[in-house]
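Chain by chain, the residues:
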Amino acid sequence: MPRSSHEKLLPLIDRVLSTAFSKDETGGAQRSALLVFFLRVASAALAYIMQVILARWMGASEYGVFIVVWTIVIILCVFSGLGFSVSLLRFIPEYLEKKQYQLLNGLLFSARFLVLLSSTAIAALGITIAWLFSDFISNTYILPLYLIAFCIPMHTYTGMLEGIARAHDWQLKAMLPDFIFRPLLVLVYMLIALAMDYPPTAVTACIVTIAAVWTVTFFQMLMMEISLRKVHHRAPRQLQLKTWLLISVPMLAVDGFFQLITSSDVILIGLWLPSDQVGIYFAASRTLALMHFVYYAVRAASAPRMARLYHANDMNGLKDFVGSAAKMTFWPTLAMAVFVMVIGPFLLGLFGEDFSKGTPILYILVLGVLARAAVGPVDALLTLSGHQNTCAKIYATVFVVNLILNTVLIPAFGLYGAALATTLVIFFEAFVLYRSAHKHLGLHTFILPLKRQKAAINEAG
């Protein structure tokens, strides 16, 4: 490399390293986001391998059935959590900052009890509803629905424990159980099922998943109990159930509607199209995990710090941090978008010959992921700053728009209609969230600097 290139490159490397390893909030967030990012990379790789093996083992049709019932479980788990998996990210940093240990101990006890109770009740209700309406449900879905319901209590509890770990900034303890160990166990149990000559059906996949989820949850409970005892502050439990639920339930609506927005297309495709089409669409959307985990990594790492800055009334620090979070989200996502578009057809081919039909679907969905990344983790910002009601209303509106677009476009254009509907909805979601953050907090969360935008407008005028 020529000397001039070294002279340009070395200061850039030095600036990046000094920023990434600085002791301020931005440096801490970047280190945490980097850790979460690499965990997401490993998780995405494991999950992708797991999905490829399932698809090749079961075929597109049985794979599609499993994907539909698992998607239903994911949605129900979000609502079963009563919003605590998100509200804990607000309450725990606040109580630690203000040394309100009575409330902290009461919250930790109440959250675990209420989440386990509600998730068990919803699992039982789900089985009952499936049994009552079994005449209106395709026979291929009945038994998988009954079985997969047993995942709901433990998978919901895992999400709540993840929230406790993230609120303490224990990123490894938050992510390893569900993002690394669960897909690993699914692969191990799947190999055992293959060795025991179990039939390659959605029912077998459900049994394997139940075993993996319950195993992971058991060990995560032990790990978190040990960790919490080490940082436990002796204080009598003080309960504020009404306050916690009044704040958690709107957060539940935010998280629930967000999950519905991201998952309803799979269920709606299952209603109107054959199950093999569900498998093809899910394989395409799953390939986008390489892009999604950038957003979720930054969101997971940023949430506790945004909560601390907001409750410390450090609006200048929050403003700078939000700008950095948007940049940390968008530019790596853009790089991943290019990579995914190049390697996507090959990855889809790994699922099987029929799955290569999802390549155009993948390209359409990429645009939506970029739109969401362009405004950074603005939904977490609104929720943790006390605007959870506003955020819930936004996601409710977005969900209605999502249902309308999918209902119109899927019957008319099939999988292309589903991909187009999803992408348009995410553009709408990103725009409304950005406007809300600007209105309520006076913060600019879009990737382009505000001054540059104004200058461009003046030049155009």
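Scope of this entry: the structure provided in the associated data block. (Residues numbered from 1 in each chain as written. Predicted model: local features only at pLDDT ≥ 70, side-chain atom pairs only at ≥ 80, totals over all residues. Heavy atoms only, no water.)

Focus on helix α12 (residues 315-351)
In an α-helix there are 3.6 residues to a turn, and that puts residues three or four apart on one side.
Thinking step 1. Ile343 marks where α12 bends most, by close to 55°; the proline Pro345 follows one to four residues later.
Thinking step 2. Just beyond α12, the residue with positive phi is Gly352, at close to 145°. (Bend = angle between axes of the 7 residues up to and from the residue. Helix = DSSP H or I, 4+ residues; strand = E, 2+ residues; numbered from the N terminus.)

Things to note about the packing of aromatic side chains
Thinking step 1. Under the counting rule described, the total for this entry stands at 11 aromatic pairs.
Thinking step 2. Pairing Phe91 with Tyr95 gives two aromatic rings, centres 5.9 Å apart and planes at 20°, and the pair type is stacked. Highlighted residues: Phe91 and Tyr95, both in helix α3 (residues 84-97), separated by 4 residues, approximately one helical turn. Neither residue differs from the other here; Phe91 and Tyr95 are each classed as buried.
Thinking step 3. Measuring from centroid to centroid gives 5.7 Å for Phe257 and Phe399, while their planes differ by 45°, and the two rings are tilted. With a gap of 142 residues between them, Phe257 in helix α9 (residues 241-272) and Phe399 in helix α15 (residues 388-413) connect regions that are remote in the sequence.
Thinking step 4. Judged by its relative accessible area of 22%, Phe257 is partly exposed.
Thinking step 5. Since its relative accessible area comes to 15%, Phe399 is described here as buried.
Thinking step 6. Taken together, the aromatic side chains of Tyr48, Tyr63, Phe282, Phe351 and Phe355 make up a single cluster linked through ring pairs.
Thinking step 7. The lysine or arginine in question, Lys173, covers the ring of Trp170, its NZ or CZ lying 4.7 Å from the ring centre.
Thinking step 8. In this arrangement the basic side chain of Arg237 is found over the ring face of Phe109, its NZ or CZ atom lying 4.1 Å from the centre. (Phe/Tyr/Trp six-rings, centres within 6.5 Å; stacked < 30°, edge-to-face > 60°. Buried < 20%, exposed > 50% of the residue type's maximum accessible area, 1.4 Å probe, protein only. Lys NZ or Arg CZ within 6 Å of the ring centre and 35° of its normal.)

Considering the environment of Glu225
Thinking step 1. Note that Glu225 resides in helix α8 (residues 202-230).
Thinking step 2. The spacing of Glu225 and Leu161 is 64 residues in sequence and 9.8 Å in space, taken between C-alpha atoms.
Thinking step 3. Of the polar contacts made by the side chain of Glu225, one reaches the side chain of Arg112; its length is 3.3 Å. (Polar contact = N/O pair within 3.5 Å; in protein donor to acceptor, adjacent residues only side chain to side chain.)

Let's talk about the state of the cysteines
Thinking step 1. Counted by the stated rule, this structure contains 0 disulfides.
Thinking step 2. In this structure Cys77 is a free cysteine whose sulfur lies 7.8 Å from that of Cys151, the closest cysteine sulfur available.
Thinking step 3. Exposure remark for Cys77: the relative accessible area of 8% places this residue in the buried category. (Disulfide = S-S within 2.5 Å.)

Let's talk about the pattern of salt bridges
Thinking step 1. Counted according to the given criterion, the structure contains 5 salt bridges.
Thinking step 2. A salt bridge links Glu225 to Arg112; its shortest N-O distance comes to 3.3 Å. You can see Glu225 sitting in helix α8 and its partner Arg112 sitting in helix α4 (residues 101-132), a full 113 residues away along the chain.
Thinking step 3. Judged by relative accessible area, which is 33%, Glu225 ranks as partly exposed. (Salt bridge = Lys/Arg side-chain N within 4 Å of Asp/Glu carboxyl O.)

Notes on the nonpolar core
Thinking step 1. The biggest cluster of nonpolar side chains holds 109 residues, and the ones touching the most others in it are Tyr63, Phe66, Ile164, Tyr281 and Met291.
Thinking step 2. Leave out the neighbours within four places in its chain, and Met291 touches Thr333, Met336, Ala337, Val340, Val366, Val369 and Leu370.
Thinking step 3. One finds Cys391, Tyr395, Leu433 and Leu441 within the second-largest nonpolar core, a separate group that totals 29 residues. (Core = buried A, V, L, I, M, F, W, Y, C linked by side-chain atoms within 4.5 Å. Contact = heavy atoms within 4.5 Å.)

Comments concerning unusual backbone geometry
Thinking step 1. In this structure, Leu82 takes a positive phi of about 60° despite not being glycine.
Thinking step 2. Positionally, Leu82 belongs in the loop between α2 (25-80) and α3.
Thinking step 3. Overall, the relative accessible area of 22% leaves Leu82 in the partly exposed class.

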